[in-house]
Each structure stands twice: as structure tokens, then as C-alpha cells.
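Take a look at the letters that make up each chain.
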Amino acid sequence: MGGMNITSAKFIKGITTAEQAFTDELFQIAVVGRSNVGKSSTINILTKQKGLAKTSSFPGRTQQINFFLINNKFYLVDLPGYGYAKASGAQKKLMGDLITDYIFSADYRLKKVILIIDAEIGPTPADMDMLAALEQINVEVIVAANKVDKVKKSILKKQLDSIKEAVSPHVVMPYSAEKRQGVGELSNLLTV
Ligand code: GTP
Ligand code: MG
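Residues numbered from 1 in each chain as written. Chains lettered and ligands numbered in written order. Predicted model: local features only at pLDDT ≥ 70, side-chain atom pairs only at ≥ 80, totals over all residues. Heavy atoms only, no water.

**A word on the environment of Ile-6**
Structurally, the position occupied by Ile-6 is in the segment before strand E1 (9–15). Taking the C-alpha atoms as reference points, Ile-6 and Pro-125, 119 residues apart in sequence, are found 33 Å from one another. With residues near it in sequence (within four places) discarded, Ile-6 still touches Leu-46, Thr-47, Lys-48, Ile-70, Asn-71 and Leu-190. (Helix = DSSP H or I, 4+ residues; strand = E, 2+ residues; numbered from the N terminus. Contact = heavy atoms within 4.5 Å.)

Here it is as C-alpha cells:
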């Protein structure tokens, strides 16, 4: 299998209602996950453009759905995170609705979803709910276990095994956006 060699990546637009999503013939690959899990960092590392997607150590950084055009061929889509406990009720509902509307009521070509989880924490109930919902629609899901650099080496294998068991039969890709481990392998899975 040939890997995805990203040669160009451009920010095209950010949207605040799902109706504004692109409906052209290009495929979309959405990056989904809890707030602060590293969705935007992952887009930057995959595209090798440091500041392309805005990141922050504070949860709730991404508040719109951002479309990045890759190789003039498909869109990589950065979503806001779910499950940020400190967000106001209204804000949570707004972001939750935006994510749900985009993923589940779309009339465009959503090809894959990269569901990012925290390798140290493992899949949370919110992650498992998202996974169950994604299984209801016809989309390929890749479970990307980010921040492996935070997991003690002595328990890494056990931790990854337990993540694999929890999300089976979906593919689990362990990596670290921060330390750039496993990023090539993740990139290979993007081939559209
Ligand atoms: P929201 O937009 O708020 O939903 O967050 P996000 O999922 O886009 O996370 P973002 O990429 O902004 O990263 C959140 C924090 O996690 C930042 O402080 C990153 O530096 C950090 N981070 C991302 N990837 C890794 C990683 O592999 N290891 C470690 N240790 N930290 C990481
Ligand atoms: Mg973000």
C-alpha cells in the first residue's frame, strides 16, 4: 500500500453551521475526538505545517469546523472537541450540535473518520458513544491513540492491548503528535 504523501495543505474555510460544509465531489476525512486530545496538533503533524490548525493547551480551542484541502484531492476536516467539562451548557450544546450535524446529517462524501483518543486515558464513555454512533453510518473509522509519549514504557503494550480490545474490530494506530512517533503509519491510513 502506498502511503499518503502530503505535498500541499491549504486552509480553505471554517464553518459554524453544518449547512456550510462543502458538498463538492472531493472526499472528506474528519478528525474527531475529545477536547484537547490533539486533533489540531495531528493535522499539523500530518501536513508538516506547524501553525496550520490552531492548537492550545486549553481545551475548547477549535470552535468551528475547519476545512483543509490536501493535495488538491481531499479535505482534512478539523472538528471542535466534545466532552469539555468546563464549557458552559450552551456552548457544549452548540459544539455538540455542530459536530453531530456535520457527521451524521451530511450529504457529502465523508470517507473516513479519524477518532482520536488519549492513549494514556484510553477510550472514555464519550469516545465509546461516538464510536457507536459512527458505526451506524457507512464510514471507515480509524482509532488513533495519541500522546503515547505520556504512557510509561512498562505498561504501553498492556494499555494498547486494552484499547484494541475496547474498540475492536477497528484499527488502532498508536502515535504521538508531540514526539512524532508513529505519524508515518497514521499517514499511510489516509490514502483515499
Ligand atoms: P480542541 O480544539 O480544544 O478540541 O483540542 P484539540 O483536540 O485540537 O487539541 P490540540 O491539538 O489543540 O492539543 C491540545 C494539547 O495537547 C496541546 O497542549 C498539545 O501540545 C498537546 N498534545 C497534542 N499532541 C500531543 C502528544 O502527542 N503528546 C503530548 N504530550 N501532548 C500533546
Ligand atoms: Mg483543535
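**Observations regarding the coordination of the magnesium ion (ligand 2)**
In this structure, Ser-40 (OG) and Thr-62 (OG1) serve as the protein donors to the magnesium ion (ligand 2), at separations of 2.1 to 2.2 Å. Here the residue Ser-40 occupies a position in helix H1 (residues 39–47), and Thr-62 occupies one in the loop between H1 and strand E3 (65–70), the gap between them amounting to 22 residues. Its relative accessible area of 14% is what places Thr-62 among the buried residues. (Donors = N, O, S within 2.8 Å, 3.2 Å for Na, K, Ca; no water. Buried < 20%, exposed > 50% of the residue type's maximum accessible area, 1.4 Å probe, protein only.)

**A look at H1**
Summarising burial for H1: 8 of the 9 residues are buried, a large majority. Phi turns positive one or two residues past the end of H1, at Lys-48, with a value near 55 degrees.

**Examining the confidence of the model for the protein chain**
Looking at the protein chain, the pLDDT average stands at 93 and 98% of residues meet or exceed 70. Looking over the protein chain, one finds the lowest element-wise mean pLDDT in helix H2 (residues 89–104), namely 90, and the highest in helix H4 (residues 153–167), namely 98. (pLDDT = per-residue confidence, 0-100.)

**Considering the environment of Leu-79**
Counting through the fold element by element, Leu-79 comes out in the loop between strand E4 (74–78) and H2. Residue classification places Leu-79 among the buried positions, given a relative accessible area of 0%. Here the alpha-carbon distance between Leu-79 and Val-32, two residues 47 residues apart in the chain, equals 5.9 Å. Residues contacting Leu-79, with those up to four places away along its chain left out, are Ala-30, Val-31, Val-32, Lys-39, Thr-62, Gln-64, Ile-65, Ile-99, Tyr-102 and Ile-103.

**Here's the deal with the site of ligand 1**
In the region of ligand 1, 23 residues are neighbours, and Lys-39, Ser-41, Gly-60, Arg-61 and Asp-149 sit closest. One nitrogen or oxygen atom from the side chain of Ser-35 is found 3.2 Å from an oxygen atom belonging to ligand 1. With the chains in place, 89% of the 660 Å² that ligand 1 exposes on its own is no longer accessible. Ranked by the residues each element gives to the shell around ligand 1, the list is headed by H1, at 3 residues. Tallied by class, residues from the shell around ligand 1 come to 3 nonpolar, 13 polar and 7 charged. (Near = heavy atom within 4 Å. Polar contact = N/O pair within 3.5 Å; in protein donor to acceptor, adjacent residues only side chain to side chain. Areas by Shrake-Rupley, 256 points an atom, 1.4 Å probe, with all protein chains shown as cover. Nonpolar A, V, L, I, M, F, W, Y, C, P; charged D, E, K, R; others polar.)

**Focus on the nonpolar core**
Within the largest apolar cluster, 37 residues are counted, with the highest numbers of intra-cluster contacts made by Val-32, Phe-67, Leu-79, Tyr-102 and Ile-103. Elements with a minimum of two residues in this core: strand E2 (27–33), E3, E4, H2, strand E5 (110–118), helix H3 (125–135), strand E6 (140–146) and H4. Ranked by size, the runner-up nonpolar core spans 26 residues in total, among them Val-37, Ile-45, Ala-144 and Val-183. (Core = buried A, V, L, I, M, F, W, Y, C linked by side-chain atoms within 4.5 Å.)

**As for unusual backbone geometry**
Each neighbour pair has its own omega, and for Ser-168 with Pro-169 the value is 10 degrees, a cis peptide bond. Relative to the assigned elements, Pro-169 resides in the loop between H4 and strand E7 (171–174). Here Lys-48, not a glycine, exhibits a phi torsion of approximately 55 degrees, which is positive. Within the element layout of this structure, Lys-48 appears in the loop between H1 and E3. When its relative accessible area of 63% is taken as the criterion, Lys-48 is described as exposed.

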